Structure formats: C-alpha cells, structure tokens
Amino acid sequence: MTRGIDSPDHYYYRRLMTDCARAVDAVAELAGLDPERVIVTGGSQGGGLALAVAGLVPDRVAAVMPDVPFLCHFRRAAEIAGEGPYVELA
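Residues numbered from 1 in each chain as written. Predicted model: local features only at pLDDT ≥ 70, side-chain atom pairs only at ≥ 80, totals over all residues. Heavy atoms only, no water.

A. How the structure looks around the environment of glutamate 79. You can see glutamate 79 is positioned in helix H3 (residues 74-80). Residue glutamate 79 is classed as exposed on the basis of its relative accessible area of 55%. For the pair glutamate 79 and valine 24, spaced 55 residues apart in sequence, the C-alpha separation works out to 33 Å. (Helix = DSSP H or I, 4+ residues; strand = E, 2+ residues; numbered from the N terminus. Buried < 20%, exposed > 50% of the residue type's maximum accessible area, 1.4 Å probe, protein only.)

Written out as structure tokens, the structure is:
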C-alpha cells in the first residue's frame, strides 16, 4: 500500500493505474475489436483498478463491472482496518 507513497511520481498504485489505462488504449487499437465496446472488469484489486480505469479513460470504456473492489475509499479503510494492508497507511 505504501510503496513509493512519499512521491506522486513513484507511488506504485499511480503507476499501476496508468498501466491499466494504457492497456485499455492498446486493446481499443486491436484489429477485429470494436473500440466503442471495451468493458473493464475485475475482482478485489482488479475491481478497484477497473473503477479507476473507467474514471481515467471514460471515453474508451463502455462499461465497468467491478466485483468487491479493493482500493476504494482509502481514508475510511484506514480508519476501520484491523490488519493489513490499510494499516500501513494509518
């Protein structure tokens, strides 16, 4: 949770979310696919990433299907967490 958190340029999740958004851009360019019908989905961390990607490149994502998304509402999670990984933030 905290790898690189001391710098916006080096925070792990910033880079991971950027990579996911770029993956959607790459998928939209594949031959034989309709770039207007790209859907992102995932469970847990993948669900949180799917939500982030849908927000970062909304013009490329037709739908998002998160399942029990992790990485949502960091502040609340840090307040109620009894064990990792959010306790790293607290």
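The rest of the description comes next.
B. Just the nonpolar core, in detail. Listed in full, the 11 residues of the largest apolar core are Met1, Tyr11, Tyr13, Leu16, Met17, Leu49, Ala52, Phe70, Leu71, Ala77 and Tyr86. Elements with a contribution of two residues or more to this core: helix H1 (12-28) and helix H2 (45-56). For this core, the element with the highest residue contribution is H1, accounting for 3 residues. Not counting the four nearest positions on each side in its chain, methionine 1 is found in contact with Tyr11, Tyr13, Phe70, Leu71, Phe74, Pro85, Tyr86, Glu88 and Leu89. Val24, Ala28, Ala54 and Val61 belong to the second-largest nonpolar core, a separate cluster that totals 10 residues. (Core = buried A, V, L, I, M, F, W, Y, C linked by side-chain atoms within 4.5 Å. Contact = heavy atoms within 4.5 Å.)

C. Seen up close, unusual backbone geometry. Of note in the backbone geometry, serine 44 takes a positive phi value of approximately 60 degrees without being a glycine. Mapping serine 44 onto the fold places it in the loop between strand E1 (39-43) and H2. Despite not being glycine, leucine 71 has its phi angle at roughly 80 degrees, a positive value. Looking at the element boundaries, leucine 71 is found in the loop between strand E2 (63-67) and H3. According to the relative accessible area criterion, leucine 71 is buried, its value standing at 7%.

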